[in-house]
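Breakdown of the fold
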Amino acid sequence: MSSTRISPILEAWYKWKSLRLPWRKRFLIGRDLQGYTYWEFREQRGDGPGRFRRIVHYPRSTYLSDVKVSPLWHQWLRHTREHPPSLEEQSREIVRQERMKLLAAQADARWEAKPRVMDAPGQATGQPLPALNTAQHQPIAPELESANATTTETTESIPTQSTPKTSAAKKKYGHDPWEQAKGPGEAWQPQAWVPPAGKK
């Protein structure tokens, strides 16, 4: 945004309105690069004069949603800035904002170029995929091979013995009474429900 050139008549009118004459109720303070004018007037409260109030005037053809006050003028309107910003200062602020946008875009591009932790390896980052089942292809130390062989031999030599409690129950009752207490297997089927006889 650049400051629009105004006519000499309007410039003279701005200078006339900015003069702090004693009979005036409000004074022109300045304008911004969009053509908005900023005014100050003393608020009358009680007997003595109150503090100055600050307002902004914009063209009547502008919608309220389109009015955008710059941060420098916003500070002045909120009384956090004592002196109003000049046109040169506003131009420097616009250049600074454009430079910040450019630097932010460059920082975003650098951030996007870095590999992400959440990405799958090898997809967008170009990293090699990890090898699967690496334990089958890696060499095993000789002492570990002998230890593994002895453990497999001992497990194979142990015979599967049924518990004496189960075998004694089979001899006594002819069947295993704990068979119903076991969890359902693949051959499990629900039993039919028979309602009990009611009392009369």
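None of the values given here were measured: they were computed from a predicted structure.

Let us look at the pattern of salt bridges. Under the definition given, this model contains four salt bridges. R20 is paired through a salt bridge with E40; the nearest N and O atoms lie 2.7 Å apart. In this pair, R20 sits in the loop between α1 (8-18) and β1 (26-31) while E40 sits in strand β2 (residues 37-44), placing the two residues 20 residues apart along the sequence. Accessibility expressed as a relative area gives 47% for R20, which makes it partly exposed. Since its relative accessible area comes to 8%, E40 is described here as buried. In this structure, E93 and R96 form a salt bridge, with 2.7 Å as the shortest nitrogen-oxygen distance. Separated by three residues within a single helix, E93 and R96 lie in helix α3 (residues 87-113), roughly one turn from each other. Note on E93: relative accessible area 15%, which makes it buried. The exposure class assigned to R96 is partly exposed, which follows from its relative accessible area of 45%.

With six residues, the main nonpolar core is built from Y36, Y38, V67, W73, W76 and L77. Considering every element that reaches this core, the biggest residue donor is helix α2 (residues 71-77), with three residues. Each residue touching W76, except ones within four places of it in the same chain, is listed here: I29, Y38, W39, E40, R54, I55, R81, E82, H83 and P84.

A separate point is the packing of aromatic side chains. Enumeration according to the criterion identifies six aromatic pairs in this entry. Relative to Y14, the ring of W13 has its centre 5.6 Å away and its plane inclined at 50°; by these criteria the two rings are tilted. Since its relative accessible area comes to 14%, Y14 is described here as buried. Measuring from centroid to centroid gives 3.9 Å for Y38 and W73, while their planes differ by 0°, and the two rings are stacked. You can see Y38 sitting in strand β2 and its partner W73 sitting in helix α2, a full 35 residues away along the chain. Relative accessible area serves as the criterion here: at 0%, Y38 is assigned to the buried category. Positioned over the ring face of F52 is R20, at 5.5 Å from the centre of the ring. Taking the ring centre of W39 as reference, the NZ or CZ of R26 above it sits at 4.7 Å.

Cut-offs used in this document
Residues numbered from 1 in each chain as written. Predicted model: local features only at pLDDT ≥ 70, side-chain atom pairs only at ≥ 80, totals over all residues. Heavy atoms only, no water. Salt bridge = Lys/Arg side-chain N within 4 Å of Asp/Glu carboxyl O. Helix = DSSP H or I, 4+ residues; strand = E, 2+ residues; numbered from the N terminus. Buried < 20%, exposed > 50% of the residue type's maximum accessible area, 1.4 Å probe, protein only. Core = buried A, V, L, I, M, F, W, Y, C linked by side-chain atoms within 4.5 Å. Contact = heavy atoms within 4.5 Å. Phe/Tyr/Trp six-rings, centres within 6.5 Å; stacked < 30°, edge-to-face > 60°. Lys NZ or Arg CZ within 6 Å of the ring centre and 35° of its normal.

In short, shape yes, function no, at least from these values alone.
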